[in-house]
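# Structural overview for review
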Amino acid sequence: MKSKLSWREKLEKPQQPKLVRIPPKMSRFGTGTMLIPTPNLVDGLVRRIPKGKLVTVSEIRRKLASDFAADVTCPLTTGIFIRIAAEAAEEDRANGRRRITPYWRVVKDDGRLNPKFPGGEKLQTRCLRDDGLSIVRKGNHVAVKDFAQRLTIFD
């Protein structure tokens, strides 16, 4: 029986990004080419987010598409790979690493936190507060106060 891969192993699994035609089922994203990134590419961008700053999932997708001359980046795989980077970071923290991928700085496009991250909104809130950001409740959701002023745009 094969052992289960760790999050770190999933993150570092050797693979190459792919450019594909945008599938008809995803035509709402336009026409042309779609980048299927790798977990390591996504992790590398997340590692570039400075303390006190945020980035949206859409900005990650925009930057990756730009870097690979694609029209769009696959939203499904990007979301999965952000989650893999987050889980690997928490695995690293549990193993005593101090410098981990700051996944908690990734927010939804409207500034909401991601309940699917390790520890849910509670851990993301704590990490963001440690970074000096304020958190507010928006109905049933939690978001970063004045998040738009904290956004980072990748070069």
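Above this text you will find the structure in question.
This section reports on the structure supplied with the text. (Residues numbered from 1 in each chain as written. Predicted model: local features only at pLDDT ≥ 70, side-chain atom pairs only at ≥ 80, totals over all residues. Heavy atoms only, no water.)

The next point concerns the overall build of the protein chain. Along the protein chain, the regular secondary structure elements total five helices and seven strands. Each helix and strand of the protein chain, ordered N terminal to C terminal, gives the series α-β-β-α-β-α-β-α-β-α-β-β. Taken over the C-alpha trace, the protein chain has a radius of gyration of 16 Å; the compact-globule value for 155 residues is 15 Å, and the two agree within 12%. Based on the C-alpha atoms only, the size of the protein chain along its principal axes is roughly 45 × 40 × 30 Å. The burial tally for the protein chain puts 45% of its 155 residues in the buried class. The long-range share in the protein chain, meaning contacts at least 24 apart out of those at least 6 apart in sequence, stands at 61%. Accessible area for the protein chain stands at about 9,100 Å²; split by element, carbon and sulfur atoms hold 51% of it. Separation between the mean location of the 32 positive side-chain charges and that of the 17 negative ones in the protein chain comes to 3 Å. (Helix = DSSP H or I, 4+ residues; strand = E, 2+ residues; numbered from the N terminus. Rg over C-alpha atoms; globule rule 2.2 N^0.38 Å. Buried < 20%, exposed > 50% of the residue type's maximum accessible area, 1.4 Å probe, protein only. Contact = heavy atoms within 4.5 Å. Areas by Shrake-Rupley, 256 points an atom, 1.4 Å probe, with all protein chains shown as cover. Lys, Arg positive; Asp, Glu negative; His and termini not counted. Charge placed at Lys NZ, Arg CZ, Asp CG, Glu CD.)

Tallied over the entire structure, the rule returns 10 salt bridges. Among the salt bridges present, the one from R97 reaches D92, with a minimum N-O distance of 3.2 Å. Overall, the relative accessible area of 4% leaves D92 in the buried class. Put simply, R8, E12, D92 and R97 are held in one network by salt bridges that share partners. (Salt bridge = Lys/Arg side-chain N within 4 Å of Asp/Glu carboxyl O.)

Below, the discussion takes up the packing of aromatic side chains. Evaluated as defined, the whole model comprises two aromatic pairs. Ring centres of Y103 and W104 lie 5.3 Å apart, and the angle between their planes is 80°; on these two criteria the pair is classed as edge-to-face. As far as the burial class goes, Y103 and W104 line up, both buried. With a centroid separation of 5.2 Å and an interplanar angle of 85°, the aromatic rings of Y103 and F117 are classed as edge-to-face. Here Y103, found in the loop between α4 (75–94) and β5 (106–107), pairs with F117, found in the loop between β5 and α5 (120–130); they are 14 residues apart in sequence, far enough to count as distant. Looking at Y103, the relative accessible area reads 1%, which means it is buried. These aromatic residues form a ring-pair network of at least three members: Y103, W104 and F117. One cation-aromatic arrangement involves K10 over W7; the distance from NZ or CZ to the ring centre is 4.3 Å. (Phe/Tyr/Trp six-rings, centres within 6.5 Å; stacked < 30°, edge-to-face > 60°. Lys NZ or Arg CZ within 6 Å of the ring centre and 35° of its normal.)

The next thing to look at is the packing of helix α2 (residues 39–46) against α4. Where α2 contacts α4, the axes come no closer than 9 Å and their chain directions differ by 65°. Classified by the angle between their axes, α2 and α4 sit roughly perpendicular to one another. When the axes of α2 and α4 are compared, the crossing they make is right-handed. Along the contact surface, α2 presents P39, V42 and D43, while α4 presents F81, I82, I84 and A85. (Axes fitted to C-alpha atoms, helices over the stretch in contact; angles between N-to-C directions. Parallel < 35°, antiparallel > 145°, perpendicular 65-115°, else oblique. Left-handed = near helix turned anticlockwise from the far one by under 90°.)

Another aspect to go through is the environment of D146. Within the secondary structure layout, D146 lies in the segment after β7 (141–144). Taking C-alpha positions, D146 is 9.3 Å from V136, a pair spaced 10 residues apart along the chain.

α4 packs onto helix α3 (residues 57–67) with a crossing angle of 115° between their chain directions and a minimal axis gap of 11 Å. Here α3 is positioned roughly perpendicular relative to α4, judged by the angle of their axes. Between α3 and α4 the crossing geometry is right-handed. Across from V57, I60 and R61 in α3, the residues of α4 making contact are P75, T78 and I82. Across the contact of α3 with α4, the residue classes tally to four nonpolar, one polar and one charged. (Nonpolar A, V, L, I, M, F, W, Y, C, P; charged D, E, K, R; others polar.)

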